[in-house]
Amino acid sequence: MPLLFIPLIFILISFILFGLALLFIYRRYLSQQDKKLLDYTYLPHSKAKFEFINDSNLNHEKITEETIQTLNKNISALYLVHGTFVGEDPFHLIKLIEMILPKEADFVSSRLKSLTKSGQDLVTQDKGNFTSVHLDYLNKYFTDLPIKNFKWSSGNHHVARVKGMIDLAKQLSVSHEKKDRVLLVGHSHAGQVFSLLMQFIYAKPFQDFILSTFASEFNPEFSKHMLPKLKSLTFDIVTMGAPPRYEWPESERVNILHFINHRLEIPFAGKLSGAITTKDGDYIQQWGISGSDFLSLIDEEKKLNKALDPILGVGASPKKLRSELLQRRRLHNIGHHYLVDYGDGGKFPNFGLTVFGHSIYTRKDLLGFHFNLIAKQLYSNKK
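Residues numbered from 1 in each chain as written. Predicted model: local features only at pLDDT ≥ 70, side-chain atom pairs only at ≥ 80, totals over all residues. Heavy atoms only, no water.

K.L.:
Even after reading the chapter, I still don't get the overall build of the chain, so can you show me in this structure?
P.N.:
The helix and strand tally for the chain stands at 14 helices and seven strands. For the chain, the residues scored as buried account for 56% of the 383 residues in total. Counting contacts in the chain only where the partners sit at least 6 residues apart, residues at least 24 apart contribute 82% of the total. Surface summary for the chain: the accessible area is close to 17800 Å², and the carbon and sulfur share equals 57%. (Helix = DSSP H or I, 4+ residues; strand = E, 2+ residues; numbered from the N terminus. Buried < 20%, exposed > 50% of the residue type's maximum accessible area, 1.4 Å probe, protein only. Contact = heavy atoms within 4.5 Å. Areas by Shrake-Rupley, 256 points an atom, 1.4 Å probe, with all protein chains shown as cover.)

As structure tokens, this is what we get:
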């Protein structure tokens, strides 16, 4: 039983470290904010569309029969993917144990990963995480549709997300036939995992870099047999609170939809001063940008993160983070954005309960709202 407290300790440490980093940045941020006008030239991207939704009855929606039929007709499988800090090894401590105890690695790491994820699910429930609760609920509606809960380490740096992407790519390549259509729904930095997957499939230079740099992660037949299959798939991607960070490559086989907790009348993120009451929406979504990564405890990963910086943007840098925060970016470079007022703002400090507005998306009572809109936006009037 005491081991179940390990995930809770991870979460508390994460918030403390993140809070200290924000305190360090806070004074400089405020001193510069009034000096810099918001740059409207980046809005809107030619491939980025947005619309506002303000509905007090969001959590009363049920998954409709039309949505059930639409998804059953159009997709081969649905994947739910969690974000940072709620996975199997958020600080890669288990990876360290594997390095220290290589002979016992398989047995020890699998047990610890299972315990860690189970503890995370127990603590978070349906707040900012995907668990068996979501699978049970969705399986009642989509009885003929394979629904999978994909798990990754959830570490907060490039390498963790790249390895999560590689595992997802391998699972997709062995689970599907050519030309299948797959729906990926991810919270928070799962959006970066999806972006990396699209870059891996459609951006040849990035693909070559990953195949050579992470060669030990692939079997010899992957490039010959599995990559062609991945390229034949159609991907419908839904992000929830994903920071606008890694770029999305364009492809006719990829459709992207973003949900963002948002309460302003303009498509910019809120001011830091409103974070304690979740005044303007999702603050983690605007903070998890370039510069916000944690430093890995593993030397090899530190080197790889440095090698990935020129490709994916600076990972860990308070200076970079400060400059990025001033832009108050909300939108990704491509995709349709639903800027939704989920109604979790308050008059009193509620940042802990709402996780700065970042935990609202995955609530079970909002699954109807989300999936009805997903079906309407991605599949209505489309072949």
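Let's pick the thread back up.
K.L.:
Quick question: what am I supposed to make of a nonpolar patch on the surface here?
P.N.:
Residues Ile97, Met99, Ile100 and Leu101 make up a contiguous nonpolar surface patch of roughly 370 Å² in combined accessible area. Checked against the element boundaries, Met99 lands in helix H3 (residues 93–100). A relative accessible area of 47% means that Met99 is categorised as partly exposed. (Patch = residues over 30% accessible without salt bridge, like charges linked within 9 Å, V, L, I, M, F, W, Y side chains within 5 Å. Salt bridge = Lys/Arg side-chain N within 4 Å of Asp/Glu carboxyl O.)

K.L.:
Just checking my understanding: could you explain the nonpolar core for this structure?
P.N.:
It is characteristic of soluble globular proteins that their nonpolar side chains tend to be buried jointly. With 41 residues, the main nonpolar core has Met165, Leu197 and Phe200 as its most contacted residues. Per-element accounting of this core gives the leading share, eight residues, to helix H7 (residues 190–202). When residues no more than four places from it in sequence are discounted, the contact partners of Met165 are Val193, Leu196, Leu197, Phe200, Phe206 and Ile210. One finds Ile147, Leu366, Ile374 and Tyr379 within the second-largest nonpolar core, a separate group that totals 37 residues. (Core = buried A, V, L, I, M, F, W, Y, C linked by side-chain atoms within 4.5 Å.)

K.L.:
For this particular structure, what's the right way to read the sheet that holds strand E6 (residues 254–261)?
P.N.:
With parallel pairing, the seven strands of this open sheet are ordered in space as E1-E7-E6-E5-E4-E2-E3. This sheet does not close on itself; its edge strands, each paired only once, are strand E1 (48–54) and strand E3 (147–150). The sheet shows a mean angle of 15° between the axes of neighbouring strands, direction not considered. Sheet topology note: the strand E2 (residues 77–81)/E3 ladder contains four bridges and is parallel. (Pairing = 2+ DSSP bridges. Axes fitted to C-alpha atoms, helices over the stretch in contact; angles between N-to-C directions.)

K.L.:
So what exactly am I meant to see when it comes to the packing of aromatic side chains here?
P.N.:
Two descriptors summarise a pair of aromatic rings, namely the distance from one centre to the other and the angle between the planes of the rings. In total, this model carries 16 aromatic pairs according to the counting rule given. Where Phe351 meets Phe356, the ring centres are 5.2 Å apart and the plane angle is 25°; that geometry is what we call stacked. Judged by its relative accessible area of 12%, Phe356 is buried. Joined through ring pairs, the aromatic side chains of Phe259, Tyr338, Tyr342, Tyr361 and Phe369 make up one cluster. (Phe/Tyr/Trp six-rings, centres within 6.5 Å; stacked < 30°, edge-to-face > 60°.)

K.L.:
What am I meant to see in the packing of H7 against helix H8 (residues 204–213) here?
P.N.:
Helix packing geometry: the angle between the two helix axes and the distance between the axes. Direction vectors running N to C along H7 and H8 enclose 100°, while the axes themselves pass 6 Å from each other. The pairing of H7 with H8 is recorded here as roughly perpendicular in orientation. Between H7 and H8, the contacting residues are Leu196, Gln199, Phe200, Ile201 and Tyr202 on the first element and Lys204, Phe206, Gln207, Ile210 and Leu211 on the second. For the contact of H7 with H8, the residue count by class is seven nonpolar, two polar and one charged. (Parallel < 35°, antiparallel > 145°, perpendicular 65-115°, else oblique. Nonpolar A, V, L, I, M, F, W, Y, C, P; charged D, E, K, R; others polar.)

K.L.:
I'm lost on helix H5 (residues 132–141) in this one. Help?
P.N.:
Spacing of three or four residues puts side chains on the same side of an α-helix, whose turn is 3.6 residues. Listed in full, the buried residues belonging to H5 are His134, Leu135, Tyr137 and Leu138. Along the axis of H5, the buried residues cluster in a sector spanning 170°; they form a single face. Taken together, the buried residues of H5 touch E2, E3 and helix H14 (367–379). The backbone nitrogen of Val133 has a side-chain oxygen 3.1 Å away, supplied by the residue at the start of H5, namely Thr131. (Arc of directions from axis to C-beta. Polar contact = N/O pair within 3.5 Å; in protein donor to acceptor, adjacent residues only side chain to side chain.)

K.L.:
Help me out: how do you make sense of the side chain of His358 in this one?
P.N.:
Position of His358 among the secondary structure elements: in the loop between helix H13 (351–354) and H14. Take His358: its relative accessible area is 7%, and that puts it in the buried class. Discounting chain neighbours no more than four positions away, the residues touching His358 are His187, Ser188, Gly241, Asp282, Ile284 and Gln285.

K.L.:
What is the right way to read the confidence of the model for the chain from this model?
P.N.:
Low-confidence regions, as indicated by low pLDDT, have predicted coordinates that should not be scrutinised in detail. Averaged over the chain, the pLDDT score is 89; the fraction of residues at 70 or greater is 86%. Note on residues 33–38: pLDDT under 50 across the span, and ten contacts to partners over four residues away in sequence or across chains. (pLDDT = per-residue confidence, 0-100.)

K.L.:
When you look at the environment of Arg329 in this model, what are you seeing that I'm missing?
P.N.:
In this structure, Arg329 sits in the loop between helix H12 (318–325) and strand E7 (335–341). Assessed through its relative accessible area of 18%, Arg329 is described here as buried. Between the C-alpha atoms of Arg329 and Gly270, which are 59 residues apart in sequence, the distance is 9.2 Å. At 3.3 Å, the side chain of Arg329 and the backbone oxygen of Pro244 are in polar contact.

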